[in-house]
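Take a look at the letters that make up each chain.
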Amino acid sequence: MLIPSLLATRTDLCMLLECLKIQMKCPELQKQALLTIHSICENKEDNVDLLREMGGVTFVYNLCKSSIVHSDVKETALFTLGTLAEDNVFCKSFLCTQETFADLAGWLLKEDVSLTQRRVSVYLLSVLVANNKSGQSLAQTSGCLDILLRLFRTTFPLSLDTTSVVVNATHTYQLWTSVANALCGCVNNPQNDEGQRMCAATFPIINAWLHIALSQKEILNLICSFIAMTVANNSWVQECFSHSGGLETLTLSLLRLAPEADTSLLSCQLSVTLSKTLSACITDNFALASGLARYGIVSKLLSLLTSPNLVPENKLSVLLALGHCTDSSVEHQFQFVQCGGLPIIITLLTEDTSEEVRKATTFILQTCKQATMSLGESRNEEDTKMEPLTNMESFRSSARELLHRIKLLEQKQYKAVQEEPPTAMPAQALSSLPSALPLLLQHQERNKSTTYRGTSTHKHKEAKKEKDSLQNNMSWEEEAKSSERDERFSVREDARATVSSHVKSLEGSREPKTADRRMCTLPTSVRHSSPKDIHTKEELQDWDQNKGKKLTAEENPLPQSRCAAPYVTAVTCTRLSKWPQRDSGPVTAALC
């Protein structure tokens, strides 16, 4: 038994169907009745089911086929059928027959059909093939797909000849938009390999359209959507698009628009659209992706990623395109590092709140481990397996500059520590001394805290002897421990300088994580020293002069570089554990 609301709706629909039957000579009343049915059933599946059970869907479909019905009524009936099928899957299945597709093909082929009727016919066709594999197959067997491809070529709203104007451009644009959407439904969601191969025949003309549509956002979006749907997960179609020159045109268009993204919102939006399409064209096709290295596409993607006009929702699309490039070839990876990609990606990894963005950035860092490790190679060594990069020397100069900046910052921090008043510090504070404190100063604190741990009742002479004895023992112990730490955390000088600078720019005033703090903990003797063990700055400097002579530069590497690598490991390994697609080892190797 129907509930009162559905019963009232059923009564309304019965009256409207009766109006359609008895008002055959009044097209305006029929149009109003059809639009009212559309309004009642819009986004309401139950009402569509009522209409279908009453035979209303069949009656509206017969109006489209009738030869005595006015053309305006046919257009409205086709539109109503499209909205009914879009809102109700049972209605879509009811209409998805060979007869329906054959009728649609006939209406589209008629020469005397208006653009509006042709457009609503294409709309109904796009609804029937969307997310419907059966509809996709019927579109191919009935010839509807071939007709759509023909309309796609002939109704393009822009003229390839700049001296001519497209006739009736507004209506032509609306028809071409409907055709493009229908073609996207015929080849993807679900993916249809045969449909993709048939649509590949349009690539040559699409290559020409890309040159003239860069300033038309809506048209370019539709072209790129069609390209992305057609080439998605189909290497054969991807190769066809590349051979037609489309991939090169797409790349050059991105190179042209990306530099303007900082000053133009439209250029930024179009660049994002192009990057999405480019990503679809090279997915799982390393040969095509690696070939883009000669265009320097990585630097443009990085500049787009830092554009102030880029909205957070579009960051992932740019990162995916960047990840496909760096995953395909070492040359892309070197370009990524040379263009300053590491600090940009690490910043996104640590600051962005989107989990998908973090996964993408972790993947990019993992793919670039080979280029990062190559930073520490000998400057005179030449790689015989691949052509050396022409600007490698400038990259090395940049790495040396980063190392110099790290040393200046450490010296500044060292002076700040020495200028502090000689106030007593609790043992907890000593255990969390910043990692930037030079290792030599930490050794001196340990030696003094250990040496002066004797009781205050000892004579000065006995304390001095004990101090000399312990000093000799501690010198040997410290050299052994320093050597062990050097072996554990030794990295190439250039790579260490690059990673340390990136981490330093990220840390700022943020409190280090617990895992990072454990990795950079000071020796036990310093952690457990009592406040009375801390002496004045003059005594510390005297001790520095005597003890520092025994420490060489090799035994005492930069402390910041030591603590930077554990920091990156702790942060990045956490993210890598969530990336399901690759298992190439910890990112520590990538960054060290």
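Residues numbered from 1 in each chain as written. Predicted model: local features only at pLDDT ≥ 70, side-chain atom pairs only at ≥ 80, totals over all residues. Heavy atoms only, no water.

By the naming in an unreviewed UniProt entry, the chain is Telomere repeats-binding bouquet formation protein 1 isoform X1, taken from Solea senegalensis.

Draft legend 1. Focus on the overall build of the chain. Within the chain, the regular secondary structure consists of 34 helices and 0 strands. Here the chain holds 592 residues, and 48% of them are scored as buried. For the chain, the share of sequence-separated contacts (at least 6 apart) that also reach a separation of at least 24 residues comes to 78%. Roughly 29200 Å² of accessible area belongs to the chain as shown, and the carbon and sulfur atoms make up 52% of that amount. (Helix = DSSP H or I, 4+ residues; strand = E, 2+ residues; numbered from the N terminus. Buried < 20%, exposed > 50% of the residue type's maximum accessible area, 1.4 Å probe, protein only. Contact = heavy atoms within 4.5 Å. Areas by Shrake-Rupley, 256 points an atom, 1.4 Å probe, with all protein chains shown as cover.)

Draft legend 2. Expanded view of the nonpolar core. Counting 123 residues, the largest nonpolar core has Phe101, Phe152, Leu183, Ile206, Ile223, Ile297 and Phe336 as the members making the most contacts within it. Here the element with the most residues in this core is helix H11 (residues 169-187); it accounts for 9 residues. Leave out the neighbours within four places in its chain, and Ile223 touches Phe156, Trp176, Ile206, Trp209, Leu210 and Ala213. (Core = buried A, V, L, I, M, F, W, Y, C linked by side-chain atoms within 4.5 Å.)

Draft legend 3. Region of interest: the environment of Asp12. With respect to the element layout, Asp12 can be found in helix H1 (residues 4-22). Since its relative accessible area comes to 40%, Asp12 is described here as partly exposed. Considered as a pair, Asp12 and Ile37 are 25 residues apart in the sequence and their alpha carbons are 8.8 Å apart.

Draft legend 4. Summary view of the side chain of Ser329. Positionally, Ser329 belongs in the loop between helix H20 (315-328) and helix H21 (330-338). Looking at Ser329, its side chain comes within polar contact range of the main-chain nitrogen of His332, at 3.3 Å. (Polar contact = N/O pair within 3.5 Å; in protein donor to acceptor, adjacent residues only side chain to side chain.)

Draft legend 5. Spotlight on the packing of aromatic side chains. Summed over the entire model, instances satisfying the criterion amount to 8 aromatic pairs. Taken together, Phe152, Phe156, Trp176, Trp209 and Phe226 form an aromatic cluster joined through their ring pairs. The ring of Phe59 has Lys21 lying over it, and the distance from NZ or CZ to the ring centre is 5.6 Å. A cation over a ring is seen here: Arg197 above Trp236, with NZ or CZ 4.4 Å from the ring centre. (Phe/Tyr/Trp six-rings, centres within 6.5 Å; stacked < 30°, edge-to-face > 60°. Lys NZ or Arg CZ within 6 Å of the ring centre and 35° of its normal.)

Draft legend 6. Local environment of the packing of helix H2 (residues 27-41) against helix H3 (residues 45-53). Contact pair H2 / H3: the axes reach a minimum separation of 8 Å and the direction vectors enclose 135 degrees. The angle between H2 and H3 falls in the class oblique. Contacts between H2 and H3 involve Ile37, Ile40 and Cys41 from the first element and Asn47, Val48 and Leu51 from the second. (Axes fitted to C-alpha atoms, helices over the stretch in contact; angles between N-to-C directions. Parallel < 35°, antiparallel > 145°, perpendicular 65-115°, else oblique.)

Draft legend 7. Structural detail: helix H15 (residues 235-243). Residues Val237, Gln238 and Phe241 constitute the buried set of H15. Buried residues of H15 fall within an arc of 105 degrees about the axis and therefore sit on the same side. Here the buried face of H15 lies against helix H12 (193-199), helix H13 (203-212), helix H14 (217-231), helix H16 (246-257), helix H17 (265-282) and helix H18 (286-291). Once H15 finishes, Gly245 follows within two positions and takes phi at roughly 90 degrees, a positive value. (Arc of directions from axis to C-beta.)

Draft legend 8. Molecular detail of unusual backbone geometry. The linkage connecting Asn189 with the following residue, Pro190, adopts the cis geometry, with an omega of 0 degrees. Note that Pro190 resides in the loop between H11 and H12. Of note, the phi angle at Asn43 is positive, near 60 degrees, even though the residue is not glycine. Mapped onto the elements of the fold, Asn43 is located in the loop between H2 and H3. At Asn189, a residue that is not glycine, the phi angle is positive and equals roughly 55 degrees. Mapped onto the secondary structure, Asn189 falls in the loop between H11 and H12.

Draft legend 9. Representation of the side chain of Thr76 within the structure. Position of Thr76 among the secondary structure elements: in helix H5 (residues 71-87). With a relative accessible area of 10%, Thr76 lands in the buried category. Ignoring any residue separated from it by four or fewer positions in sequence, one finds Thr76 in contact with Lys31, Leu34 and Leu35.

Draft legend 10. Region of the structure containing the pattern of salt bridges. This model, assessed by the stated rule, comprises 4 salt bridges. With a closest N to O distance of 3.2 Å, Asp49 and Arg52 form a salt bridge. With Asp49 and Arg52 both in helix H3, this residue pair falls 3 residues apart, about one helical turn. Residue class for Asp49 comes out buried when judged on its relative accessible area of 18%. Judged by relative accessible area, Arg52 falls into the partly exposed class, the value being 27%. Members of the salt-bridge network, linked through shared partners, are Lys65, Glu99 and Asp103. (Salt bridge = Lys/Arg side-chain N within 4 Å of Asp/Glu carboxyl O.)

Draft legend 11. Broad picture of helix H8 (residues 115-129). Taking 1.5 Å of rise per residue, the 15 residues of H8 would be expected to cover 21 Å, and the 21 Å separating its terminal C-alpha atoms lies within 8% of that figure. In terms of burial, H8 is largely enclosed, as 11 of its 15 residues are buried. Here H8 has its buried residues at Gln117, Arg118, Val120, Ser121, Val122, Leu124, Leu125, Ser126, Val127, Leu128 and Val129. Residues of H8 that are buried make contact with H5, helix H6 (89-95), helix H7 (98-109), helix H9 (133-141), helix H10 (144-154) and H11. Of the residues flanking the end of H8, it is Asn131, one or two places downstream, whose phi is positive at about 55 degrees. (Expected span 1.5 Å × (residues − 1).)

Draft legend 12. Quick look at the confidence of the model for the chain. When pLDDT is averaged along the chain, the result is 75, and 63% of the positions lie at 70 or above. In the model, residues 423-464 has pLDDT below 50 throughout and makes 76 contacts with residues more than four positions away in sequence or in other chains. Segment residues 469-541 is flagged for pLDDT under 50; beyond a separation of four residues in sequence, or across chains, it makes 120 contacts in the model. (pLDDT = per-residue confidence, 0-100.)

Draft legend 13. Focus on the environment of Leu301. Looking at the secondary structure, you find Leu301 in helix H19 (residues 297-305). Assessed through its relative accessible area of 0%, Leu301 is described here as buried. Considering only alpha carbons, one finds Leu301 and Phe336, 35 residues apart in sequence, at a separation of 9.6 Å.

Draft legend 14. Molecular detail of the packing of H11 against H14. For the pair H11 and H14, the least separation of the axes is 9 Å and the interaxial angle reads 20 degrees. Regarding the angle of H11 to H14, the classification is roughly parallel. Handedness of the crossing formed by H11 with H14: left-handed. The segment H11 lies against H14, with Tyr173, Trp176, Thr177, Ala180, Asn181, Leu183, Cys184 and Val187 engaging Glu218, Ile219, Leu222, Ile223, Ser225, Phe226, Met229 and Thr230. Considering only residue class, the contact of H11 with H14 consists of 11 nonpolar, 4 polar and 1 charged. (Left-handed = near helix turned anticlockwise from the far one by under 90°. Nonpolar A, V, L, I, M, F, W, Y, C, P; charged D, E, K, R; others polar.)

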